[in-house]
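Structural description and commentary
The chain contents come next:
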Amino acid sequence: MPAPDGAAAPFGTVRLTPLTAADPIPGGFPTVGVIGGGQLARMMQPPAVAMGVRLRVLAESETSSAALAIHEAPVGDHRDLATVADFAAQCDVLTFEHEHVPGAILEKLVADGVPVRPGPAALAFAQDKLAMRRKLTELGLPSPRWAQVHTWEELAAFGETVPSVVLKTPRGGYDGKGVLVLSEKTAETAKQWLEAAGPDGLLAEEKVAFTRELAALIARSPSGQAAAWPVVESTQKDGICHEVIAPAPNLTEEQAAEATSVGLRIAGELGVVGVLAVEMFQTEDGRVLVNELAMRPHNSGHWTIDGAVTSQFEQHLRAVLDLPLGEVRARSRWTVMVNVLGGEYADLYRSYLHVMAHDPGVKVHMYAKEVRLGRKVGHVTVCGDDLDDCLARARHAAAFIRGDIDE
């Protein structure tokens, strides 16, 4: 029988009503609200449970990756002020798993006293590639040559100054979307992009002749504490991250320090709170050039779940709550992360079981997402002292789960 109002429930009493956001967490622990119901929000749940922190997610649908793992996941539109404000009112701090919430909404929340982390002033540089390029240029940070273009004539003029051109939409592009390498075959598409572009036009960049891609992963708290994981090497296929090696092989201490310094400076100058991923190109002469920014946990940091003392997901929660940041040291000499992308094989559970039996040392993370061609549906991680062995095992596991191989 329930206890009378105001009385403590006796041991063994069954709670008759579900927990709601209005109920306090035992011990006074806070609630973190996450905008977005994808796998990044989903992967925040395990550290949130361990920390005693409640996680709420504003999901796109009831079957979103995070909604299937997190109890409090109301469905709502992140572009609607009333929806986001109502969601934020039931949280102690608001953060994100994507950068698509309109700046005007975030500015209104901040004006109303909602702790938004990262704040709209910083997030603007991850939402708008033109704003990012202007800011990095202002700060004197290494970047590809670039120009803002509105017409074919402006694009052609910029093309005369660089060996090759990449055209980008300033907003909304990710995983290779909104990116066009300019050539005779793509010229008509580029003209269509220019005609459809808004008043800001498009971003034209030098197509860098890089030897590899690197990523510096930084965490920063509101009080200014910052931490940096080892710089990693990433491999992209069709604009999508395919695999990550931590730390980046054959990166000198000086080069690692330079890449880390660039990441830390960006985090400080832009006032980033939470995890910041700085994707970079490394050129033949060893220079690093900033490619793009992400102000949230990032694919290049998934290796930290199994390979670092503190994962990027725990660290992001620590940072947005202004808690002391955790140790970022790698647990093993090498960690390799390979993404599992959707293919024609939909029954992933059977191949997943085989991988677990074949190599118990492989860590498999699945996102509970519908399988579609090229879609990120999971990742695998292998840690060890032999890089070639880690690469072979991680690649085999990912390929087997996807259905590319059957042995």
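Residues numbered from 1 in each chain as written. Predicted model: local features only at pLDDT ≥ 70, side-chain atom pairs only at ≥ 80, totals over all residues. Heavy atoms only, no water.

A word on the packing of helix α3 (residues 81–88) against helix α4 (residues 103–111)
Where α3 meets α4, the closest approach of the two axes is 10 Å, and the angle between their N-to-C directions is 40°. The pairing of α3 with α4 is recorded here as oblique in orientation. Crossing of α3 against α4: the hand is right-handed. Together, Leu 81, Val 84 and Ala 85 of α3 and Ile 105, Lys 108 and Leu 109 of α4 make up the contact between the two elements. A class-by-class count of the residues in the contact of α3 with α4 yields five nonpolar, no polar and one charged. (Axes fitted to C-alpha atoms, helices over the stretch in contact; angles between N-to-C directions. Helix = DSSP H or I, 4+ residues; strand = E, 2+ residues; numbered from the N terminus. Parallel < 35°, antiparallel > 145°, perpendicular 65-115°, else oblique. Left-handed = near helix turned anticlockwise from the far one by under 90°. Contact = heavy atoms within 4.5 Å. Nonpolar A, V, L, I, M, F, W, Y, C, P; charged D, E, K, R; others polar.)

Looking at helix α13 (residues 387–402)
Between its first and last C-alpha, α13 extends 22 Å over 16 residues, near the 22 Å set by a 1.5 Å rise per residue. Along α13, the residues classified as buried are Leu 387, Cys 390, Leu 391, Ala 394, Ala 397, Ala 398, Ala 399, Phe 400 and Ile 401. Summarising the contacts, the buried residues of α13 are in contact with β11 (240–246), β14 (334–341), α12 (348–358), β15 (363–366) and β16 (376–384). The N-cap of α13, judged by a side-chain oxygen 3.0 Å from the amide nitrogen of Asp 388 a few residues on, is Asp 386. One or two positions beyond α13, positive phi appears at Gly 403, with a value near 100°. (Expected span 1.5 Å × (residues − 1). Buried < 20%, exposed > 50% of the residue type's maximum accessible area, 1.4 Å probe, protein only. Polar contact = N/O pair within 3.5 Å; in protein donor to acceptor, adjacent residues only side chain to side chain.)

Notes on the pattern of salt bridges
Here the structure, examined in full by the defined rule, presents 21 salt bridges. With a shortest N-O distance of 3.2 Å, Arg 54 and Glu 72 are connected by a salt bridge. Here Arg 54, found in strand β2 (residues 54–58), pairs with Glu 72, found in the loop between β2 and α3; they are 18 residues apart in sequence, far enough to count as distant. Residue classification places Arg 54 among the buried positions, given a relative accessible area of 9%. Among the residues examined, Glu 72 registers a relative accessible area of 10% and is labelled buried. Ionic pairing is found between Asp 389 and Arg 393, a salt bridge with its closest N-O pair at 3.1 Å. Taken as a pair, Asp 389 and Arg 393 lie in helix α13 at a separation of four residues, close to a single helical turn. Under the relative-accessibility criterion, Asp 389 is labelled partly exposed at 35%. Arg 393 gets classed as partly exposed once you look at its relative accessible area, which sits at 23%. (Salt bridge = Lys/Arg side-chain N within 4 Å of Asp/Glu carboxyl O.)

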